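Residue-level listing of the chains:
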Amino acid sequence: MRAVIQRVSQAEVKIDQKSVGKIDQGFMILLGIHQTDSIEDVAYLVRKISKLRVFEDGGGKMNLSIQEIKGSILSVSQFTLYADTKKGNRPSFIEAARPEVAIPLYEQFNEQLKELAIPVETGEFGADMAVSLINDGPVTIIIDTKDK
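Bear in mind that the values here come from a model prediction, so they are computed numbers and not experimental data.

**Student:** A description of helix α1 (residues 39-51) should follow, citing residues and the corresponding values.
**Tutor:** Taking 1.5 Å per residue, 13 residues should reach 18 Å; α1 reaches 19 Å between its end C-alpha atoms and fits that length. Among the residues of α1, Asp 41, Val 42, Tyr 44, Leu 45, Val 46, Ile 49 and Ser 50 are the ones counted as buried. Each element contacted by the buried residues of α1 is listed here: β1 (2-15), β3 (26-32), α2 (66-69), β6 (72-77), α3 (99-115) and β8 (130-144).

**Student:** Residues and numbers for unusual backbone geometry, please.
**Tutor:** Gly 137 connects to Pro 138 through a cis peptide bond whose omega is -5°. Among the secondary structure elements, Pro 138 is positioned in strand β8. With a phi angle near 65°, Ala 117 is a residue other than glycine that sits in the positive phi range. Under the relative-accessibility criterion, Ala 117 is labelled exposed at 69%.

**Student:** Could you give me a rundown of the side chain of Glu 12, with the residues and numbers involved?
**Tutor:** Structurally, Glu 12 can be placed in strand β1. At 2.8 Å, the side chain of Glu 12 forms a polar contact with the side chain of Ser 19. Once residues lying within four places of it in the same chain are set aside, the contact partners of Glu 12 are Ser 19, Gly 21, Lys 22, Leu 74, Ala 130, Val 131 and Ser 132.

About the cut-offs
Residues numbered from 1 in each chain as written. Predicted model: local features only at pLDDT ≥ 70, side-chain atom pairs only at ≥ 80, totals over all residues. Heavy atoms only, no water. Helix = DSSP H or I, 4+ residues; strand = E, 2+ residues; numbered from the N terminus. Expected span 1.5 Å × (residues − 1). Buried < 20%, exposed > 50% of the residue type's maximum accessible area, 1.4 Å probe, protein only. Contact = heavy atoms within 4.5 Å. Polar contact = N/O pair within 3.5 Å; in protein donor to acceptor, adjacent residues only side chain to side chain.

This is how it looks when you write it as structure tokens:
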């Protein structure tokens, strides 16, 4: 799994100009699922994200987690995170998981975050979405479970 995590002051996802997910302070997460990913990858990523200390404490130091600030997550599936651009100019997406594998893992990812009492809003898997956000910092971190 590959996650692009952006610390945001707000984020929203719309489908056909209708808001389907919106948060204030927290994380905007673009989540790509590889064809070999498993529930173990979900658990690892949830653990890392929930404990990631990138929010400022009283002294202005990045020292607090999303749980400590009571932030929210906007989670959007993004198969294009597994684009292979080595050959030619048209990206290949063959490493991205097929929907029958990706959807259950994406849903499990969101559920495990909710089980930690982190509010989670989502986009819609496979939909054409318009995502807007205000990146706070900016702070953007990439976590790939294959790099653990």
